[in-house]
Amino acid sequence: MDITLSVLKADIGSIGGHIQPSEAVIAGVSKALERDGADLLTDSHIGWTGDDIALLMTHPHGTGDARIHELAWNAFLAGTEEARKQGLYGAGQDLLADAFSGNVRGMGPGVAELSIRERAAEPFVLFAADKTDPGAFNFPLYAAFADPMNTPGLLLSPALTAGFRFVIMDVSHTGGDRVIELDAPEDLYRIAALLRDPERYVVESVWSRHAGEQAVAASTSRLHNIAGKYTGKDDPAMLVRVQKDFPATGEILAPYAHGHFVGGGMRGSHNMPLMPVPRMSGTSYFDGPPIVTGTAFCVQEGKLTEPVDVFAHPFWHRIRERITEKAVDMRRQGFFGAAMLPMDELEYTGITSLLDDLDTEFHVREAAAETPSASRAS
Ligand code: MG
């Protein structure tokens, strides 16, 4: 059966700052989705990660369907109404447009969609991250789909040895989708050269070269490109099909044990390690740390199984402790150097006016013999 998995994710208000949505907001979203989606959806699931709510919907209408996007948009509006009633922080924060206009891409919410022909068994994992940006998935996707050090299936499984095609987007380009398609393993160094810069180059999708089937769909929106100012981090979502023609679930999950540094954390302006956490986890330390949840499902004829929490296993307890240490270590150096993102990532924040002011006070010393402190004192 041909089905589409659509994930739309947004921050529409949370309790106590940027921590987590309220039960009333989630109920508002859920009620609207149930009421308006009855004729459109085959199945749906609502989850949250930090301050973001993710709607997973299955349906037969293909990717980018205006009715599905409008359904999600209206559900987020219904949740926003509850958030306003409760005085939640950042109510409607990610709904950047005044009215829905055909497709939520470019309107604030993150979008990841996969149209697939269901396999006899169709396992997949929904990843949702908070307090970081879409480039956070560059490292785990490269490791899982291109590196046999992480994924032994690239050596051991005939379906995987054919390699994978990466579709990579230049997210700094605002005049349309600027993308490149590169094949692993032949283009490995070229893929690496792009993905090393996760603030600019982001994996949009990954395809099996053996089966010609799409394995990954990831959201790529950069809110500051849409809004022209800092409006919160982009908090990506991603769908990853697993097993058979794709890496095994464990190969997909393994890279998250590294707690790699990503852009995000406080004011979206820092480098912090990404912590894999159980579903429905809020944020805390330094408005973070950046977190990722993983929810596994199987789907058949569009019907979802119950969700399974991939990061709830005891293995991840120690990983989280180590990532906590990494986070605190990085925070010890405050705003210096690698602790804070580079200037081009801060240009949508208030630091630009501070630096503009300072710029007018700089002067170029004219005489080599001039000693400013002495001349000022005399
Ligand atoms: Mg968020």
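Procedures and definitions
- Residues numbered from 1 in each chain as written.
- Predicted model: local features only at pLDDT ≥ 70, side-chain atom pairs only at ≥ 80, totals over all residues.
- Heavy atoms only, no water.
- Helix = DSSP H or I, 4+ residues; strand = E, 2+ residues; numbered from the N terminus.
- Rg over C-alpha atoms; globule rule 2.2 N^0.38 Å.
- Buried < 20%, exposed > 50% of the residue type's maximum accessible area, 1.4 Å probe, protein only.
- Contact = heavy atoms within 4.5 Å.
- Areas by Shrake-Rupley, 256 points an atom, 1.4 Å probe, with all protein chains shown as cover.
- Lys, Arg positive; Asp, Glu negative; His and termini not counted.
- Charge placed at Lys NZ, Arg CZ, Asp CG, Glu CD.
- Domains from an automatic or database assignment.
- Buried area = accessible area lost by both parts, 1.4 Å probe.
- Salt bridge = Lys/Arg side-chain N within 4 Å of Asp/Glu carboxyl O.
- Polar contact = N/O pair within 3.5 Å; in protein donor to acceptor, adjacent residues only side chain to side chain.
- Nonpolar A, V, L, I, M, F, W, Y, C, P; charged D, E, K, R; others polar.
- Pairing = 2+ DSSP bridges.
- Axes fitted to C-alpha atoms, helices over the stretch in contact; angles between N-to-C directions.
- Donors = N, O, S within 2.8 Å, 3.2 Å for Na, K, Ca; no water.
- Core = buried A, V, L, I, M, F, W, Y, C linked by side-chain atoms within 4.5 Å.
- Parallel < 35°, antiparallel > 145°, perpendicular 65-115°, else oblique.
- Left-handed = near helix turned anticlockwise from the far one by under 90°.

Student: Mind showing me how you'd approach the overall build of the chain here?
Tutor: Across its full length, the chain holds 12 helices and 16 strands. Taking 2.2 N^0.38 as the reference for a compact globule, 378 residues should give roughly 21 Å; the C-alpha atoms of the chain span a radius of gyration of 22 Å, in line with that estimate. The principal-axis extent of the C-alpha atoms belonging to the chain is close to 85 × 55 × 45 Å. Per-residue burial over the chain gives 52% buried out of 378 residues. Contacts in the chain between residues far apart in sequence, at least 24 positions, make up 69% of those at least 6 positions apart. Carbon and sulfur atoms provide 54% of the accessible area of the chain, an area that totals close to 17100 Å². A distance of 3 Å separates the average location of the 32 positive side-chain charges in the chain from that of its 51 negative side-chain charges.

Student: Mind showing me how you'd approach the domain arrangement of the chain here?
Tutor: Domain boundaries in the chain define domain 1 (1-117) and domain 2 (122-347). For domain 1 versus domain 2, the separation of C-alpha centres amounts to 21 Å. Taken together, the 36 residues of domain 1 in the interface contact 43 residues of domain 2. Summing both sides of the interface, domain 1 and domain 2 together bury roughly 3000 Å²; the carbon and sulfur share of this comes to 64%. Between Arg-105 and Asp-177 there is a salt bridge, and its shortest N-O distance comes to 3.2 Å. Applying the counting rule to domain 1 against domain 2 returns 15 residue pairs in polar contact (both at pLDDT 80 or more). Going through the elements one at a time, strand S1 (2-10), strand S2 (43-49), strand S3 (52-59) and strand S4 (110-117) are the ones with two or more residues in the side of domain 1 that touches domain 2. A breakdown of the residues in the side of domain 1 that touches domain 2 according to their chemical character gives 15 nonpolar, 13 polar and eight charged.

Student: How should the sheet that holds S3 be read in this particular structure?
Tutor: By way of backbone hydrogen bonds, the strands of a sheet pair with one another, either parallel or antiparallel. In spatial order, the strands read S2-S3-S1-S4; together these four strands make up an open sheet with antiparallel pairing. Taken across any chain shown, the strands that pair with only one partner, and hence form the sheet edges, are S2 and S4. Here the strands of the sheet are splayed against their neighbours by 15 degrees on average, with no regard to which way each runs. Where S1 meets S4, eight bridges bridge the pair, whose relative direction is antiparallel. Bridge pairing links Thr-4 to Ser-115 in S4. Across the sheet, helix H2 (residues 66-86) is in contact with S1, S3 and S4; its angle to S3 comes to roughly 150 degrees.

Student: Just to check I follow, could you spell out the coordination of the magnesium ion for this structure?
Tutor: For a metal with four donors in a tetrahedral arrangement, the ideal angle between donors is 109.5 degrees, while six donors in an octahedron ideally sit at 90 or 180 degrees. Around the magnesium ion, the donor atoms from the protein are Asp-51 (OD), Asp-52 (OD), Asp-130 (OD) and Asp-235 (OD), and they sit 2.0 to 2.5 Å away. Donor residues for the magnesium ion sit on one chain with the sequence pattern D-D-x77-D-x104-D. Taken as a pair, Asp-52 in strand S3 and Asp-130 in strand S5 (residues 123-130) lie far apart in primary sequence, 78 residues in all. For Asp-52, a relative accessible area of 1% gives the class buried.

Student: Looking at this structure, I do not really get the nonpolar core. What am I missing?
Tutor: As a rule of thumb, nonpolar side chains are buried together in soluble globular proteins. Ranked by internal contacts, the top residues of the largest apolar core, which has 46 residues, are Phe-127, Phe-145, Phe-166, Met-238 and Tyr-256. Element by element, the count of residues in this core is highest for helix H3 (residues 138-146), at four residues. Apart from the residues lying within four places of it in its own chain, the contact partners of Phe-145 are Leu-154, Phe-164, Phe-166, Val-206, Ala-215, Val-216, Val-240, Pro-247 and Ile-252. The next biggest cluster of nonpolar side chains, apart from the first, holds 28 residues, and it includes Val-29, Ala-32, Trp-73 and Ala-83.

Student: Would you take a moment to explain the pairing of strand S12 (residues 270-273) for this structure?
Tutor: Strand residues, when the strand is regular, have side chains that alternate between the two faces of the sheet. The two faces of S12 match: His-270 and Met-272 on one face and Asn-271 and Pro-273 on the other face are all buried. Pairing geometry for strand S11 (residues 261-264) and S12, over four bridges, is antiparallel. Following the sheet pairing, Phe-261 is matched in S12 by Pro-273.

Student: Sorry, what's going on with the packing of H3 against helix H6 (residues 188-195) here?
Tutor: The description of two helices packed together rests on the angle between their axes and the distance between the axes. Two elements in contact, H3 and H6, have axes separated by 11 Å at closest approach and are oriented at 165 degrees. Classified by the interaxial angle, the pair formed by H3 and H6 is roughly antiparallel. The crossing of H3 and H6 is left-handed. Touching Asn-138, Tyr-142 and Ala-146 of H3 are Leu-188, Ile-191, Ala-192 and Leu-195, all from H6. The residue makeup of the contact of H3 with H6, split by class, is six nonpolar, one polar and no charged.

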